[in-house]
Amino acid sequence: MMSQACKKNDEKIPAAADTTAVAASAVAKVAYGTLPDGQAVEEYTLKNKNGVELKVINYGGIVTSLKVPDKNGVLEDVVLGFDSLKGYLGGSPYFGAIVGRYGNRIAKGKFTLDGQTYTLAQNNNGQHLHGGLKGFDKVYWHIAEVPAAEGPSLKLTYTSKDMEEGYPGTLQAEVTYTLTDNNEFKIAYTATTDKKTVVNLTQHTYFNLTGNAKRDILDHQVMLHADKFVPVDKVLIPTGKLKDVAGTPFDFRTATAVGQRVNEKDEQLIVGGGYDHAWVLSPADSGKAVASVYEPTSGRFLEVYTTEPAIQFYCGNFLDGTVVGKQGNAYAKRFGLCLETEHYPDSPNQPSFPSVVLNPGETYSTQTTYKFSTK
């Protein structure tokens, strides 16, 4: 059952007269709890001049809340999560987190670099998923407010030691979150290493544009500007080939409701339990919206821009109502969708895929923007 109390958290966008006050308190910080090792966790709140509000915690770099307006100007939370740190520590399905050192799956938890085989945790049906048993979603990120011309901004840093979760090289990771006055949530990732390694960072926020997760996302209209996607086998590892979306339920080149074809008897939908695949993006589109989501009732519209070569569209197939989130909402199947900008799954084992190798002296650098508006 969904909480009937969600309306009490609805907020109107501040009037123009309040703009100065909003700008003056662009970043606030409060205590959020304590990790089992005694480390104090804080929650940072970023606000832009429109009253849009983004909340982030040190643990996992998790986005705990993102309030954006509907077509009537009412601010509501459009991301899934929990009301307290306890929820995120108790088995969260990566709600709002930074994912690494390698987002998505690596076959059998193994890859080879320069003739040396590295073994990772097999934490998902015999495969390696999202960085392992203690990936970047479960570590403490140091957060500092940084000057930014576009709006309030936070720099999150984490040092992943050599052989942490089986990955070679000490990786210095930095993720910058910026909330612009154009209602954009901008994410910039950089990383360096002292030893040859693989890296594929992403952000695992679950969106539900109904606001306060009023219902599932089956009516959300999704556009993916991609001619091909990455087919997978029964354990969701890429087959190594790319497939044209034309004539398949994976053709989102025209905005289509998630629920329109998700239950078709298509082999790829069956193995994925729905959409849980990477769509192939063109480098020529890096300055364009590569994906969008429109929720008709609220009028909220989300556009995605990225420098990454793929986007993983996941429609909450494994949510089953056992996870109770914010305001007592039980997140049932398909109550959220993810648009994870990244490299292809299992790239370390697929020579034909774009490389995810990072060498000493090089800088890993990618950018993604989630832009919110209404129509």
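Described in the following lines is the structure provided in the data block. No experiment lies behind these values; they were computed from the predicted model shown.

### Concerning the packing of aromatic side chains
And step 1. Taken as a whole and judged by the stated rule, the model has 27 aromatic pairs.
And step 2. An angle of 35° between the planes, with centres 6.2 Å apart, marks the rings of F111 and Y167 as tilted. Of this pair, F111 sits in strand 9 (residues 110-113) while Y167 sits in the loop between strand 13 (153-160) and strand 14 (171-179), placing them 56 residues apart in sequence.
And step 3. Between R261 and the ring centre of F252, over which it is positioned, the NZ or CZ distance is 5.0 Å.
And step 4. In this arrangement the basic side chain of K375 is found over the ring face of Y294, its NZ or CZ atom lying 4.8 Å from the centre.

### Details of the environment of A31
And step 1. For A31, the location among the structural elements is in strand 2 (residues 27-34).
And step 2. With 12 residues separating them along the chain, A31 and E43 place their C-alpha atoms 6.2 Å apart.

### A word on the pairing of strand 6 (residues 74-77)
And step 1. Going residue by residue along strand 6, you find V74 and E76 tucked away on one face and L75 and D77 tucked away on the opposite face as well.
And step 2. For strand 5 (residues 63-69) and strand 6, the ladder comprises 3 bridges, and the chain directions are antiparallel. Across the sheet, the residue bridging to V68 is E76, located in strand 6.
And step 3. The turn linking strand 5 back onto strand 6 is made up of 4 residues, and G73 within it adopts a positive phi angle of 85°.

### What about the sheet that holds strand 26 (residues 338-342)?
And step 1. Pairing is antiparallel in the open sheet, where 5 strands are placed in the order 20-19-22-25-26. Two strands in the sheet have a free side with no partner beyond their single neighbour: strand 20 (243-244) and strand 26.

### Concerning the sheet that holds strand 28 (residues 364-374)
And step 1. Taken together, the 9 strands give an open sheet; going across it, the order is 12-13-14-15-28-24-23-18-21, and neighbouring strands pair in antiparallel fashion. Bordering the open sheet on either side are strand 12 (142-146) and strand 21 (256-257), each of which pairs with just one other strand.
And step 2. As judged from the 8 bridges shared by strand 15 (residues 184-193) and strand 28, these two strands associate in the antiparallel manner. Residue pairing for strand 28: T190 is matched across the bridge by S365.

### Quick word on the environment of G100
And step 1. Summarising the element assignment, G100 is placed in the loop between strand 7 (98-99) and strand 8 (105-106).
And step 2. Note: C-alpha distance between G100 and G166 (66 residues apart in sequence) is 12 Å.
And step 3. Setting aside residues no more than four positions away along its own chain, G100 makes contact with H130, G131, G135, F136 and L201.

### Some remarks on unusual backbone geometry
And step 1. Here the amide bond leading from G100 into R101 is cis, since omega sits at 5°, within 30 degrees of zero.
And step 2. With a phi close to 55°, N212 is a non-glycine residue in the positive phi region.
And step 3. The backbone of L236 shows a phi angle near 65°, a positive value even though the residue is not glycine.
And step 4. Relative to the elements of secondary structure, L236 occurs in the loop between strand 19 (228-229) and strand 20.

### Remarks on the side chain of D137
And step 1. Topologically, D137 is positioned in the loop between strand 11 (128-129) and strand 12.
And step 2. Ignoring anything within four residues of it in the chain, the contact list for D137 reads Y59, G60, I62, Y94, A97, I98 and H130.

### Quick look at the side chain of H130
And step 1. Residue placement: H130 occurs in the loop between strand 11 and strand 12.
And step 2. Only 2.8 Å separates the side chain of H130 from the backbone nitrogen of N104, close enough to count as a polar contact.

The rules behind the values
Residues numbered from 1 in each chain as written. Predicted model: local features only at pLDDT ≥ 70, side-chain atom pairs only at ≥ 80, totals over all residues. Heavy atoms only, no water. Phe/Tyr/Trp six-rings, centres within 6.5 Å; stacked < 30°, edge-to-face > 60°. Helix = DSSP H or I, 4+ residues; strand = E, 2+ residues; numbered from the N terminus. Lys NZ or Arg CZ within 6 Å of the ring centre and 35° of its normal. Buried < 20%, exposed > 50% of the residue type's maximum accessible area, 1.4 Å probe, protein only. Pairing = 2+ DSSP bridges. Contact = heavy atoms within 4.5 Å. Polar contact = N/O pair within 3.5 Å; in protein donor to acceptor, adjacent residues only side chain to side chain.

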